[in-house]
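# Structural overview for review
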Amino acid sequence: MIFKSDIMNINFKDAVSYLSFKELDKYNFIKHGYMTRLGGVSEKEYKSLNFGFNNGDSKNNVEKNYDIFCNCMNIKKNNLVLTSQVHEDNICVVSKKNINLEGSNFTRFESTDGLITDNTEICLMTFHADCAVVYMIDINKKIIGLAHAGWRGTVKNIAGKLVQKFLENYNSQAQDIIVAIGPSIGPCCFEVDMEVLEKFRKLGIPKTYIHKSENHNKISIDLLEVNKNLVIKSGIKEENIFKSDICTMCNHDLLFSHRATHGKRGTTAAFLTLNNI
Ligand SMILES: [Zn+2]
């Protein structure tokens, strides 16, 4: 396995490994990551660290994968708060009263693609296989947000709406918010048809995200650039936004990719917590 990135580190923790943003690793009050496929017990197309319960893998194996994740990362399972994603823009504010810290299992928010919290015991988790992840941290007030932004969530501006949650629910100042976006399927691989392109055009942001092939027959989109533009539009300073340079489809041996496998695949997890053990 060859891993090369100017933006992200690869970290090995016992059996598992995960990618992290070099710029976020500087903040020692958070822990964050994007899990690789390595170190789990799932087999075949789910090999091996599959976090998805709904893609045909054995439930038993997926549960074991959560246990492996929690043991390796030193995170308690009952501190995990999961999305149940529907490619929409619903964001839930998570507080201690929402979760059962005495129980033994994780908490899941139904029909939710984004989560935000200021609780230091909670570990937020979203799920991905080409769709982008958006990490947000108010470094002054110590508040964290995490969102799943596939192309549908992106055109619904879930990233901008997550910024709004910081401002409205926690009185954050936009200049205190750091944003890291990705990994996701990259502009090298994310070809779209005109119908999808039209949805992006309606966002009213600079067209820097559109890539054309030499003969202009194919158009691809830089999903991370779109999300970057949307958070800039919401008031975040450009120098506070970091974009991953890792394409999930180009790296499908290491990361789960929906397009590379025509949908026969596992699902990975991104996580963000204020509990930096
Ligand atoms: Zn690619």
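Attention here is on the structure that accompanies the text. Note that the structure is a prediction, hence the values are computed from the model and not measured.

Calculation notes
- Residues numbered from 1 in each chain as written.
- Predicted model: local features only at pLDDT ≥ 70, side-chain atom pairs only at ≥ 80, totals over all residues.
- Buried ≥ 20, exposed ≤ 12 C-beta atoms within 10 Å, placed from the backbone.
- Helix = DSSP H or I, 4+ residues; strand = E, 2+ residues; numbered from the N terminus.
- Pairing = 2+ DSSP bridges.
- Axes fitted to C-alpha atoms, helices over the stretch in contact; angles between N-to-C directions.
- Contact = placed C-beta atoms within 7 Å.
- Core = buried A, V, L, I, M, F, W, Y, C linked by C-beta atoms within 7 Å.

## Overview of the pairing of strand β7 (residues 114-117)
Residues in a regular strand point their side chains to alternate faces of the sheet. Neither face of β7 is open: one carries Gly114 and Ile116, the other Leu115 and Thr117, and all of them are buried. Relative to β7, strand β5 (residues 91-94) is paired through four bridges, and the arrangement is parallel. From the neighbouring strand, Ile91 faces β7, where its bridge partner is Gly114. By the bridge criterion, four bridges tie β7 to strand β10 (residues 143-149) in an arrangement that is antiparallel. Residue pairing across strands places Thr117 opposite Ile144, the latter belonging to β10.

## A closer look at the sheet that holds strand β2 (residues 16-21)
Read across the open sheet, the seven strands follow the order β1-β2-β3-β16-β8-β4-β6; overall the sheet is mixed. The open sheet terminates on both sides in strands that have one partner only, identified here as β1 (8-13) and β6 (107-109). Each strand of the sheet is rotated relative to its neighbour by a mean of 30°, with strand direction disregarded. When β1 meets β2, the two strands line up antiparallel, connected through six bridges. Residue pairing in the sheet places Asn9 in a bridge with Ser20 of β2.

## Concerning the sheet that holds β5
As summarised here, the arrangement of the six strands in space is β5-β7-β10-β9-β11-β15, forming an open sheet in which the pairing is mixed. The sheet terminates laterally at β5 and β15 (241-243), the two strands that pair on one side only. The average undirected angle you get between the axes of adjacent strands in this sheet is 15°. Contacting β5, β7, β9 (132-138), β10 and β11 (177-181), helix α3 (residues 158-170) crosses the sheet at an angle of about 160° to β10.

## So, unusual backbone geometry
With omega at -10°, the peptide bond leading from Lys47 into Ser48 counts as cis. By the element assignment, Ser48 lies in the loop between β3 (31-35) and α1 (59-73). The residue after Gly182, namely Pro183, is reached through a cis peptide bond having omega 5°. Inspection of the secondary structure assignment puts Pro183 in the loop between β11 and β12 (191-192). Its identity is not glycine, yet Ser111 carries a phi of approximately 45°, on the positive side. In this structure, Ser111 sits in the loop between β6 and β7. Judged by the 11 C-beta atoms lying within 10 Å of it, Ser111 is exposed. A positive phi angle is found at Lys142, which is not glycine, with a value near 60°. The exposure class of Lys142 is partly exposed, given the 15 C-beta atoms found within 10 Å.

## Considerations on the environment of Ser84
Within the secondary structure layout, Ser84 lies in the loop between β4 (80-83) and β5. Expressed as a C-alpha distance, the spacing of Ser84 and Arg108, which sit 24 residues apart in the sequence, is 6.5 Å. Residues within four places of Ser84 in sequence aside, it is in contact with Arg108, Phe109, Glu110, Ser111 and Thr112.

## What to know about the nonpolar core
Among the nonpolar cores identified, the biggest contains 74 residues, and Val81, Leu124, Val134, Tyr135 and Val179 are the most heavily contacted of them. Looking at this core, the element that brings in the most residues is β9, giving six residues.

## Re the environment of Gln173
As for its placement among the helices and strands, Gln173 is situated in the loop between α3 and β11. When the C-alpha atoms of Gln173 and Asp138 are compared, they prove to be 8.1 Å apart, with 35 residues separating the residues in sequence.

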